Amino acid sequence: MMKRGLLIGIGAVVAVTGVLSIPVEASPSPDTRIILEHTNKTYISPPCYEQANKTNNLAEADMKKAQELNYQPESSCTANSLAPIKQPIASILAENLGMKQSHWDW
């Protein structure tokens, strides 16, 4: 009887560990910080700011605002830095619970 309980417990741990390690596609949240370039109607991710083609008509915003304005990525650097990535479910849960920094926290 005790061996059966132990086997069920071990099986449950293995199953949960397996599910949490499955990679899924994660995208930046709508509140990911970006820079709006109003003259060219583009947005720039912070890691790509220095090399971006920009004017002085800039504003800090988030992805949601850039999408509302229908702005486009300023360059492939910005598009690539905001592209979805594959992450284990456990990593996504840790980010959502504030236990781990997001890939897009800049």
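These figures come from a predicted structure and were not determined experimentally. (Residues numbered from 1 in each chain as written. Predicted model: local features only at pLDDT ≥ 70, side-chain atom pairs only at ≥ 80, totals over all residues. Heavy atoms only, no water.)

J.: When you look at the side chain of Gln87 in this model, what are you seeing that I'm missing?
T.: Of note, Gln87 is situated in strand S6 (residues 85-88). A polar side-chain atom of Gln87 sits 2.8 Å from a polar atom in the side chain of Glu95. (Helix = DSSP H or I, 4+ residues; strand = E, 2+ residues; numbered from the N terminus. Polar contact = N/O pair within 3.5 Å; in protein donor to acceptor, adjacent residues only side chain to side chain.)

J.: Where do I start with a nonpolar patch on the surface in this structure?
T.: The grouping of Leu6, Ile10 and Val14 at the surface amounts to a nonpolar patch, some 300 Å² of accessible area in total. Summarising the element assignment, Ile10 is placed in helix H1 (residues 2-20). (Patch = residues over 30% accessible without salt bridge, like charges linked within 9 Å, V, L, I, M, F, W, Y side chains within 5 Å. Areas by Shrake-Rupley, 256 points an atom, 1.4 Å probe, with all protein chains shown as cover. Salt bridge = Lys/Arg side-chain N within 4 Å of Asp/Glu carboxyl O.)

J.: For this particular structure, what's the right way to read the pattern of salt bridges?
T.: Side chains bearing opposite charge may pair, as long as their charged atoms lie close to each other. Taken as a whole and assessed by the stated rule, the structure comprises 2 salt bridges. Close ionic contact of Lys100 with Glu95 constitutes a salt bridge, the shortest N to O distance being 3.8 Å.

J.: Teacher, can you tell me more about the layout of surface pockets here?
T.: Here the idea is plain: a probe the size of a water molecule rolls over the atoms and shows the empty space left. Taken as a whole, the largest pocket holds about 250 Å³ of empty space. Considering the residues around the largest pocket, the lining is formed by 17 residues, among which Ser29, Glu95, Ser102, Trp104 and Asp105 are closest to the centre. Considering each element in turn, the lining of the largest pocket owes the most residues, 3 residues, to helix H4 (residues 89-96). Residue classes in the lining of the largest pocket are distributed as 5 nonpolar, 7 polar and 5 charged. (1 Å grid on protein atoms, 1.4 Å probe; cavity = no way out; pocket = protein on both sides within 12 Å on 5 of 7 lines; lining within 4 Å. Points joined across faces, edges and corners; volume = space filled by probe spheres on them. Nonpolar A, V, L, I, M, F, W, Y, C, P; charged D, E, K, R; others polar.)

J.: Got a minute to help me understand H4 in this structure?
T.: One full turn of an α-helix is made of 3.6 residues, so residues set three or four places apart face in the same direction. Three or more residues of H4 are buried, namely Ser91, Ile92, Ala94 and Glu95. Each buried residue of H4 lies within a common arc of 160° when the element is viewed along its axis, so the set occupies one face. In this structure, the buried residues of H4 make contact with strand S1 (23-26) and S6. After H4 finishes, the residue Gly98 shows a positive phi value of roughly 75°. (Buried < 20%, exposed > 50% of the residue type's maximum accessible area, 1.4 Å probe, protein only. Arc of directions from axis to C-beta. Contact = heavy atoms within 4.5 Å.)

J.: Whenever I open this one, unusual backbone geometry confuses me. Can you help?
T.: Note: most peptide bonds trans; most residues except glycine with negative phi. One non-glycine residue, Lys41, lies in positive phi territory at about 55°. As for its position among the elements, Lys41 is in the loop between strand S2 (33-37) and strand S3 (42-44). A positive phi angle is found at Asn70, which is not glycine, with a value near 60°. In this fold, Asn70 is placed in the loop between helix H2 (63-68) and strand S5 (72-73). For Asn70, a relative accessible area of 58% corresponds to the exposed category.

J.: How should the sheet that holds strand S4 (residues 58-62) be read in this particular structure?
T.: Hydrogen bonds along the backbone pair up the strands of a sheet, which may run parallel or antiparallel. The 4 strands lie next to each other as S4-S2-S3-S5, forming an open sheet whose pairing is mixed. One side of each edge strand has no neighbouring strand; the edge strands of this open sheet are S4 and S5. Both S3 and S5 contribute to a ladder of 2 bridges, which runs parallel. What sits directly across from Thr42, in S5, is Gln72. (Pairing = 2+ DSSP bridges.)

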